[in-house]
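Listed below, chain by chain, are the residues.
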Amino acid sequence: MGSDQTREREAMAEKILEHAPRLSENDRFVFGCYPGVSCFNACCGNVNIVLTPLDILRMARRLKTTTSDFLSRHTFVPFNGEAKLPFVFLKMTDDDRKSCPFVTEHGCSIYEDRPWPCRMYPLGEASPGADNPDPGFYFLIHEPHCQGHGEKKEWTVAEWVGDQGIAQYREMGELWKTILLHPYLKTMPLDPARMEMFYMASYDLDKFREFVFRSRFLGRFKLEDGIEEMLRSDDMVLMRFAVRWLRFALFGEATLEIRPELLSEREREMLKNRR
């Protein structure tokens, strides 16, 4: 995605924040999507799908592969010199429709583990940045090909969000936003090494697990009792821990504790100042 496309997306986001009808959790809308709808599967192609860390993890586990393998086979990261962080996109097939690789004539083959944008559709969710006092809100996406808005099923926003299994995605999304919206990134771009660190800890959870257990990591950091075994076996615990690591490694926050015996005098002084 080039700089022109990035600016176009940012302009679109600003337009939504200013002009889209704002929906609360109690507002109602009509929508249905199932094999009998005339446009079934029409939305599963010619679209840019940005994947969240949880999307990647769940899709990889569904396909019984590693996050490293999934990223290699099914994603790409557009080059953009203006981007402050790397974002991962789902790689579409090379057919006329640029179809999703997981769509079949019967629908989504990984439906229970489909990505966040596919779960939310036809709802969008606007989350203004940290400097914007506007609260977040929902809005409806209307596309010319979509006939689902003509169905009879009525939902509240809260009912739709609950039905689509959004809770876990929202929890992890809020954690991830502590990195994406961090004030540090407004003034200090990440160097290539820290960009790679962000990519690994955010998207490639299996590689991050190897980093924790096969490097000197555990010898350097003092972890809470019992967490080491959980990091070995529980993906969600590891994903939450990765955010703590990124806040420490990228922004110098005191979210992890270096073993006291390994600290130099200068590091001890710096640690005092952080606290």
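Residues numbered from 1 in each chain as written. Predicted model: local features only at pLDDT ≥ 70, side-chain atom pairs only at ≥ 80, totals over all residues. Heavy atoms only, no water.

Draft legend 1. Expanded view of the overall build of the protein. The helix and strand inventory of the protein stands at 13 helices and eleven strands. A total of 275 residues make up the protein; the buried ones form 40% of that total. Taking all contacts inside the protein whose residues are at least 6 apart in sequence as the whole, residues at least 24 apart take part in 70%. For the protein, the exposed area adds up to about 15900 Å²; of that, 53% sits on carbon and sulfur atoms. (Helix = DSSP H or I, 4+ residues; strand = E, 2+ residues; numbered from the N terminus. Buried < 20%, exposed > 50% of the residue type's maximum accessible area, 1.4 Å probe, protein only. Contact = heavy atoms within 4.5 Å. Areas by Shrake-Rupley, 256 points an atom, 1.4 Å probe, with all protein chains shown as cover.)

Draft legend 2. Representation of the side chain of aspartate 55 within the structure. Looking at the secondary structure, you find aspartate 55 in helix α2 (residues 53–62). Although aspartate 55 lies buried, it forms no salt bridge, and the closest oppositely charged side chain, arginine 119, sits 5.7 Å away as judged by the N-O distance. (Lys, Arg positive; Asp, Glu negative; His and termini not counted. Salt bridge = Lys/Arg side-chain N within 4 Å of Asp/Glu carboxyl O.)

Draft legend 3. Local environment of the sheet that holds strand β4 (residues 88–90). Read across the sheet, three strands follow the order β2-β4-β3 without closing on themselves; strand pairing throughout is antiparallel. Looking at which strands have only one partner, the edges of the open sheet turn out to be β2 (50–51) and β3 (75–76). Summarising the sheet, β2 and β4 pair through two bridges and their orientation is antiparallel. Counterpart to leucine 51 in the pairing with β4 is valine 88. (Pairing = 2+ DSSP bridges.)

Draft legend 4. Looking closely at the nonpolar core. Phe208, Phe241 and Trp245 are the most contacted members of the largest nonpolar core, which totals 52 residues. With twelve residues, helix α12 (residues 235–251) is the single largest residue contributor to this core. When residues no more than four places from it in sequence are discounted, the contact partners of phenylalanine 241 are Phe208, Val212, Phe217, Leu223, Ile227, Leu231 and Leu256. Counting residues in each nonpolar core, the second largest holds 13 residues, with Met120, Tyr138, Cys146 and Trp155 among its members. (Core = buried A, V, L, I, M, F, W, Y, C linked by side-chain atoms within 4.5 Å.)

Draft legend 5. Focus on the pattern of salt bridges. Scanning the model with the defined rule gives 18 salt bridges in all. Note that arginine 61 and aspartate 206 form a salt bridge whose closest N and O atoms lie 2.8 Å from each other. One end of the pair, arginine 61, is in helix α2; the other, aspartate 206, is in helix α9 (residues 205–214), with 145 residues separating them in the sequence. Using a relative accessible area of 16% as the deciding quantity, one classes aspartate 206 as buried. For glutamate 228, the salt bridge goes to arginine 232, with nearest N and O atoms at 3.6 Å.

Draft legend 6. Geometry of the packing of α2 against α12. Following both chains from N to C, one finds α2 and α12 inclined at 150°, their axes separated by 12 Å at the closest point. By the angle class used here, α2 and α12 are roughly antiparallel. Between α2 and α12 the crossing geometry is right-handed. For the pair α2 and α12, the contacting residues are Pro53, Leu54, Leu57 and Arg61 in the first and Asp235, Met236 and Met239 in the second. For the contact of α2 with α12, a count of residues per class yields five nonpolar, no polar and two charged. (Axes fitted to C-alpha atoms, helices over the stretch in contact; angles between N-to-C directions. Parallel < 35°, antiparallel > 145°, perpendicular 65-115°, else oblique. Left-handed = near helix turned anticlockwise from the far one by under 90°. Nonpolar A, V, L, I, M, F, W, Y, C, P; charged D, E, K, R; others polar.)

Purely spatial values, then, with no claim about function.
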